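# Coordinate analysis (summary)
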Amino acid sequence: MRLLLLVFFPLTVWASDYYECVSPTGQKTYQLERCAKDHKQTSINDPTPPVSRRVDRVGEVVTTQIFKSGNHYHGTGHVNGKPFRMLVDTGASFVSMSRDQALASGVPVRGRPMRMQTANGAVRGLLSTADTINFAGHEVRNVPVVVQVEGKPFPGILLGMSFLSHFDINMAGSTMSMTRK
């Protein structure tokens, strides 16, 4: 008789600070680094949900569990190595980011024009590509992203199906599991 043992290693993630930056002209941006000296800076403390991971025999992350915080699953991820707050949005077709976030992470602000319907109304965007997106211990390469060029962007990055489709997603109660396909 064989016994299969699955081990979950809890990874404690502490609350993270990010900043709302308001330029002298009134434009708001959100970032993990401090604001420029001529910008008004407001520190925002946002607890990242705890995460646990299951790894395979060679140490690759297979499954990640993310716990809901408030009404959403979110955490800190990376676009082309640059850290951002990310909100899991299974109803979004694409990863969505602001023009400022694209410029900060090296995502080209060019591509096929698109109109999108968001919770805040219709907005225009450009379909582009991020070289890498990392979230919850998982990396996906060459991810289609929409760079919003009008409308009020979400302060973080919306993690849509262009990233999430690489995983089997299971939501049960306050836990979301992501298992690489």
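Residues numbered from 1 in each chain as written. Predicted model: local features only at pLDDT ≥ 70, side-chain atom pairs only at ≥ 80, totals over all residues. Heavy atoms only, no water.

## Notes on the overall build of the chain
- Counting its secondary structure elements, the chain contains 2 helices and 15 strands.
- Here the chain, with 181 residues, has 39% of them falling under the buried criterion.
- Pairs at least 24 residues apart make up 54% of the contacts formed inside the chain by residues separated by at least 6 positions. (Helix = DSSP H or I, 4+ residues; strand = E, 2+ residues; numbered from the N terminus. Buried < 20%, exposed > 50% of the residue type's maximum accessible area, 1.4 Å probe, protein only. Contact = heavy atoms within 4.5 Å.)

## Brief notes about the pairing of strand β14 (residues 167-172)
- Bridge count between β14 and strand β15 (residues 175-180): 6 bridges; the pairing is antiparallel. For N170, the partnering residue across the bridge sits in β15 and is S177.
- Hairpin connection of β14 to β15: 2 residues between the antiparallel strands, including G173 at a positive phi of 65°. (Pairing = 2+ DSSP bridges.)

## Let's talk about the nonpolar core
- Core analysis: the largest hydrophobic core is formed by 25 residues, its most contacted members being V79, I133, F135, V145, L159, F163 and M178.
- Contributions of two or more residues to this core are made by β8 (82-88), β9 (95-98), β11 (121-135), β12 (138-148), β13 (157-159), α2 (161-164) and β15.
- In terms of residues, this core owes the most to one element, β12, which gives 4 residues.
- Leave out the neighbours within four places in its chain, and V79 touches F84, M86, M97, S105, V107, A130, T132, I133 and I157.
- Counting residues in each nonpolar core, the second largest holds 5 residues, with M114, M116, L127 and V146 among its members. (Core = buried A, V, L, I, M, F, W, Y, C linked by side-chain atoms within 4.5 Å.)

## Notes on unusual backbone geometry
- Phi is positive for N80, which is not a glycine, with a value near 50°.
- One non-glycine residue, N142, adopts positive backbone phi at about 50°.
- By the element assignment, N142 lies in strand β12.
- Using a relative accessible area of 56% as the deciding quantity, one classes N142 as exposed.

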